[in-house]
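What follows is each chain in one-letter form.
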Amino acid sequence: LVVPTSGSTGSPKGAQLSADALLAAAAATHERLGGPGNWLLALPATHIAGLQVLIRALAAGTTPVRIRTPGFDPAALPGAVAALGPGRRYTSLVSNQLATALEDPGAAAALAELDAVLLGGGPAPAALLERAAAIGINVVRTYGMSETAGGCVYDGRPLDGVQIRIEGSGQAGRIVLGGATLATGYRNPPDPDPFAEPGWFRTDDVGALDDSGSLRVLGRADDAISTGGLTVLPQPVEAALATHPAIADCAVFGVTDESLGQRVVAAVVLQGDAAAPSLEELRAHVATTLPRSAAPREVHLLDELPRRGIGKVDRSALKSRFGP
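Worth saying up front: this structure is predicted, and the values here are computed from it rather than measured.

Caption draft 1: Region of interest: the overall build of the protein. Across its full length, the protein holds nine helices and 21 strands. Whereas a compact globule of 324 residues would reach a radius of gyration of roughly 20 Å, the protein reaches 20 Å, a difference of no more than 12%. Projecting the C-alpha coordinates of the protein onto the three principal axes gives extents of approximately 60 × 50 × 35 Å. Within the protein, buried positions represent 47% of all 324 residues. Pairs at least 24 residues apart make up 61% of the contacts formed inside the protein by residues separated by at least 6 positions. Counting only carbon and sulfur atoms, one obtains 51% of the accessible surface of the protein, whose full area is about 14,700 Å². Charged side chains of the protein number 26 positive and 32 negative; the gap between the two group centres comes to 2 Å.

Pasting the structure below:
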């Protein structure tokens, strides 16, 4: 299987995935979740997350139930979950789909009936995970990409047969992945080639491993903001902003600044009819958990964040819109 991929930017390359890699990923997923089961396809099958739902169903000898995509309709979830029948039942979603489903009581109740809801496509806001857990939805956070046959790290722990190492001398550094689920390379390899080291894939992500070997993804290396001689990664700032009671969704990015090099900017979506917090209030809120240099110096209110693919925030669009 060749899955076109360009990451966040760049030319399409095409991750070349063998049948062995795809089936290894499916088997490792079933092993982690408690056994094969019936799968609900709620993602486009043109993306690796949707493709893997189909492959897991094939490996389990079951027929997946599909709901229409794009245009995810949470009202379709109760009927689709019921159609899965008995036995273990799973689905795979992205954060904006889960957030939409939680606004529909019937859809939320249907998701709570599943044995696991895999959640990928980028970091999930802590408040969203808390809301899902409060009504009994078993969310499993996944990390991976087309080059690793989809999610290969679940809730920070690598699947069986997956290896992780952090490149660099400090605690945090570039995430490098290896193991049975890895693609054999790109159809159109770039220079330098992230597959240059046999058996390993050098990702564009920065992360850290704790003492137990659990992975924490800090963000994309190319999203890093260089401000006043310091480096700020957007994801920790977004996580801090998301804990403010007025914020439903947010994205952090850098724009050119004459004195700082870049300044930290946030685009936020408010909760319901919440009053907009001031810039100083949000800066103080971020500074309770992060250095003040990471706090945004500019905030924009949006009705929704621009997204691409299966739901990843489009930071390039935000930079183009709000940059000089």
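From this point, the narrative continues.
Caption draft 2: Here's a closer look at the side chain of Asp223. Mapped onto the elements of the fold, Asp223 is located in the loop between strand 14 (215-220) and strand 15 (225-227). Beyond its immediate sequence surroundings of up to four residues, Asp223 is in contact with Val232, Pro234, Arg315 and Lys319.

Caption draft 3: Structural view of the sheet that holds strand 3 (residues 38-41). In spatial order, the strands read 4-3-5-6-7-8-9; together these seven strands make up an open sheet with mixed pairing. Edge positions in the sheet fall to strand 4 (65-66) and strand 9 (157-158), since each has one partner strand and no second. Judged from the four bridges that link them, strand 7 (residues 139-145) and strand 8 (residues 150-154) form a sheet pairing that is antiparallel. Within strand 8, the residue paired with Met145 across the bridge is Gly150.

Caption draft 4: Spotlight on the environment of Pro123. On the secondary structure map, Pro123 appears in the loop between strand 6 (116-120) and helix 6 (126-134). The contact partners of Pro123, leaving out residues within four places of it in the chain, are Ser95 and Gln235.

Caption draft 5: Structural detail: the pairing of strand 11 (residues 172-179). Bridge count for strand 10 (residues 162-167) against strand 11 is six bridges, and the pairing is antiparallel. If you follow Ile166 over to strand 11, its bridge partner there is Ile175. One ladder, built from six bridges, connects strand 11 with strand 13 (residues 200-209); its direction is antiparallel. The residue bridging Gly178 from the neighbouring strand is Trp200, located in strand 13.

Caption draft 6: Examining the sheet that holds strand 10 more closely. A sheet is described by the order of its strands in space; here four strands give the open sequence 10-11-13-14, paired in antiparallel fashion. On the outer flanks of this sheet lie strand 10 and strand 14, each paired with one strand and no other. Strand-to-strand, the axes of this sheet are offset by a mean angle of 50°, without reference to chain direction.

Caption draft 7: The arrangement of the side chain of Thr181 in detail. Within the secondary structure, Thr181 is located in the loop between strand 11 and strand 12 (185-186). A polar atom in the side chain of Thr181 sits 3.2 Å from the backbone oxygen of Thr148. Sequence-distant contacts of Thr181, defined by excluding residues within four places in its chain, comprise Leu17, Ala21, Ala24, Ala25, Glu147, Thr148, Ala149, Cys152 and Val162.

Quick notes on the rules
- Residues numbered from 1 in each chain as written.
- Predicted model: local features only at pLDDT ≥ 70, side-chain atom pairs only at ≥ 80, totals over all residues.
- Heavy atoms only, no water.
- Helix = DSSP H or I, 4+ residues; strand = E, 2+ residues; numbered from the N terminus.
- Rg over C-alpha atoms; globule rule 2.2 N^0.38 Å.
- Buried < 20%, exposed > 50% of the residue type's maximum accessible area, 1.4 Å probe, protein only.
- Contact = heavy atoms within 4.5 Å.
- Areas by Shrake-Rupley, 256 points an atom, 1.4 Å probe, with all protein chains shown as cover.
- Lys, Arg positive; Asp, Glu negative; His and termini not counted.
- Charge placed at Lys NZ, Arg CZ, Asp CG, Glu CD.
- Pairing = 2+ DSSP bridges.
- Axes fitted to C-alpha atoms, helices over the stretch in contact; angles between N-to-C directions.
- Polar contact = N/O pair within 3.5 Å; in protein donor to acceptor, adjacent residues only side chain to side chain.

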